[in-house]
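# Survey of secondary and tertiary structure
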Amino acid sequence: MLDGLIQSIMAGAMGGPLLTATLHKATITTDEYGEDTATYTDHHIKVSPDDWSASVRIARGIPRTDVRIIGLQGTATAAVAIGDEISVRGVRHLVIALKEDVARAAWDIQARPI
């Protein structure tokens, strides 16, 4: 019950619904020929899709195709890292960049559809 209350409060504060997403944690291995291979382990995470203002996109050089995803750390069964993939609403994205908020409650994720 408390989890539902916290999620409702966070959804209101974030301006959007919390969605259940899948975090695909990448593990990179290199074979004897120097070729890298990624394998993925799936984890659940609650997210809220978001966007940047046009001025922020221009100032930071963020492509129009990239999306902003806010991930709640308390709902994740693993930490998000650059190179991981995340599926939201049936679309898989590559994590390009991320920032952690000061309270360590959420990740601000820049992701690119793949």
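A short tour of the structure in this document, coming up.

### Re the overall build of the chain
- The helix and strand inventory of the chain stands at two helices and six strands.
- Counting from the amino terminus, helix and strand elements in the chain follow one another as α-β-β-α-β-β-β-β.
- Among the 114 residues that make up the chain, the fraction classed as buried is 33%.
- Accessible surface, the chain: about 7,000 Å² in total, of which carbon and sulfur atoms supply 57%.

### Let's talk about the side chain of Lys 25
- Inspection of the secondary structure assignment puts Lys 25 in strand E1 (residues 19-30).
- At a separation of 2.8 Å, a polar atom in the side chain of Lys 25 contacts the main-chain carbonyl oxygen of Ala 79.
- Setting aside anything within four residues of it in sequence, one finds Lys 25 in contact with Thr 39, Tyr 40, Thr 41, His 43, Ala 78, Ala 79, Val 80, Ala 81 and Asp 84.

### Thoughts on the pattern of salt bridges
- Under the counting rule described, the total for this entry stands at seven salt bridges.
- For Arg 57, the salt bridge goes to Asp 51, with nearest N and O atoms at 2.8 Å.
- Linking Arg 104 and Glu 100 is a salt bridge whose minimum nitrogen-to-oxygen distance equals 3.7 Å.
- Here Arg 104 falls in the exposed class, since its relative accessible area comes to 59%.
- Residue class for Glu 100 comes out partly exposed when judged on its relative accessible area of 43%.
- Three or more residues joined by partner-sharing salt bridges are found here, namely Asp 50, Arg 68 and Asp 108.

Reading guide: rules and limits
Counting restarts for each chain: residues are numbered from 1 in the order of the written sequence. Totals for whole chains, interfaces and linings use all residues, but because this is a predicted model, local features are given only for residues with pLDDT of at least 70 and pairs of side-chain atoms are given and counted only at 80 or more. Calculation of side-chain values draws on the structure's entire complement of heavy atoms; hydrogens and water are dropped beforehand. A helix here means a DSSP run of H or I that spans at least four residues, while a strand means a run of E at least two residues long, and both kinds are numbered starting from the N terminus. Think of it in three bands: residues with accessible area under 20% of the maximum for their type are buried, residues over 50% are exposed, and the middle band is partly exposed, with areas taken using a 1.4 Å probe on protein chains only. Note on areas: Shrake-Rupley, 1.4 Å probe, and residue coverage restricted to the protein chains presented here. Pairing of N or O atoms within 3.5 Å defines a polar contact, subject to two protein rules: one partner must be a possible hydrogen donor and the other a possible acceptor, and residues neighboring in sequence count only if both atoms are side-chain atoms. Should any heavy atoms of two residues lie within 4.5 Å, those residues are counted as being in contact. We define a salt bridge as a side-chain nitrogen of Lys or Arg found within 4 Å of a carboxyl oxygen belonging to Asp or Glu.

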